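Fold and geometry: a report
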Amino acid sequence: YAKRDVSALAKVRRFLAARGADVSPAVEVEGITGKTVLSTYSHIPELGWGLILEEPLEAVLEESNTAVEVKKAELEELDTNLETLSRQIDRERIYMDRTSQYDVDSFNLKVNRYNSALRNRKAEAEVFNEMVDTHNALVQQLKAQNLRVNELVDNYNAKLSRYGR
């Protein structure tokens, strides 16, 4: 490039004003060549320089469009594969519906028995938990009574020692 005064460029002005990190990277601006670019800068404190990076917007959009087209083709292939898989699953489901109703009914009966047993276990667990809670409350009461008895005994012993017995 021929020598050109770039001090009027937006990114150059921002760098010169801030001398720090670019707070708005990848902003669309007019670049050094006068074309629209995505631009950012980085401060190099050891040198007191700023490094400005510009990528022509056309190139960025071209890369982006290419990536979109690739993804679109991949999605179309995936869609085709999913349709094929869906048809296979439907065929297998229909076959299973026709041939395995007995197995399904048998399985459902087992599930119902299991659920019933599970409900019974839950009810038993609730009763057990209530018993544990009652037990714990009684233990707390006994501990409180034990403390009271110990206090009374200590008081009685203190009285006896005062009277020399």
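Shown above is the structure to which this text applies.
The rules behind each value
Residues numbered from 1 in each chain as written. Predicted model: local features only at pLDDT ≥ 70, side-chain atom pairs only at ≥ 80, totals over all residues. Heavy atoms only, no water. 1 Å grid on protein atoms, 1.4 Å probe; cavity = no way out; pocket = protein on both sides within 12 Å on 5 of 7 lines; lining within 4 Å. Points joined across faces, edges and corners; volume = space filled by probe spheres on them. Helix = DSSP H or I, 4+ residues; strand = E, 2+ residues; numbered from the N terminus. Nonpolar A, V, L, I, M, F, W, Y, C, P; charged D, E, K, R; others polar. Expected span 1.5 Å × (residues − 1). Pairing = 2+ DSSP bridges. Axes fitted to C-alpha atoms, helices over the stretch in contact; angles between N-to-C directions. Contact = heavy atoms within 4.5 Å.

Quick look at empty space enclosed by the protein
For the coordinates displayed, the defined rule picks out one cavity of 30 Å³ or more. Space inside the largest cavity adds up to approximately 40 Å³. Around the largest cavity sit Leu-9, Ala-10, Lys-11, Val-12, Val-29, Glu-30, Gly-31, Ser-39, Ile-52 and Glu-54, which together line it. Looking at the lining of the largest cavity, the elements that each hand over two or more residues are helix H1 (10-18), strand E1 (27-30) and strand E3 (49-56). The residue inventory of the lining of the largest cavity, partitioned by class, reads five nonpolar, two polar and three charged.

Considerations on helix H3 (residues 101-162)
Taking 1.5 Å as the rise per residue, H3 with 62 residues should run 92 Å; its terminal C-alpha atoms sit 90 Å apart, in good agreement. Just downstream of H3, Gly-164 is the residue with a positive phi angle, here 75 degrees.

With respect to the sheet that holds strand E2 (residues 36-44)
Across the sheet, three strands lie side by side as E1-E2-E3; this open sheet has antiparallel pairing. Bordering the open sheet on either side are E1 and E3, each of which pairs with just one other strand. With strand direction ignored, the average angle separating the axes of adjacent strands in the sheet is 50 degrees. Where E2 lies against E3, eight bridges are found, and the strand directions are antiparallel. Within E3, the position partnered with Ser-39 by the bridge is Glu-54. Lying on the sheet, H1 is in contact with E1, E2 and E3; it crosses E2 at an angle near 20 degrees. Running at roughly 55 degrees to E3, helix H2 (residues 57-99) makes contact with E1, E2 and E3 of the sheet.

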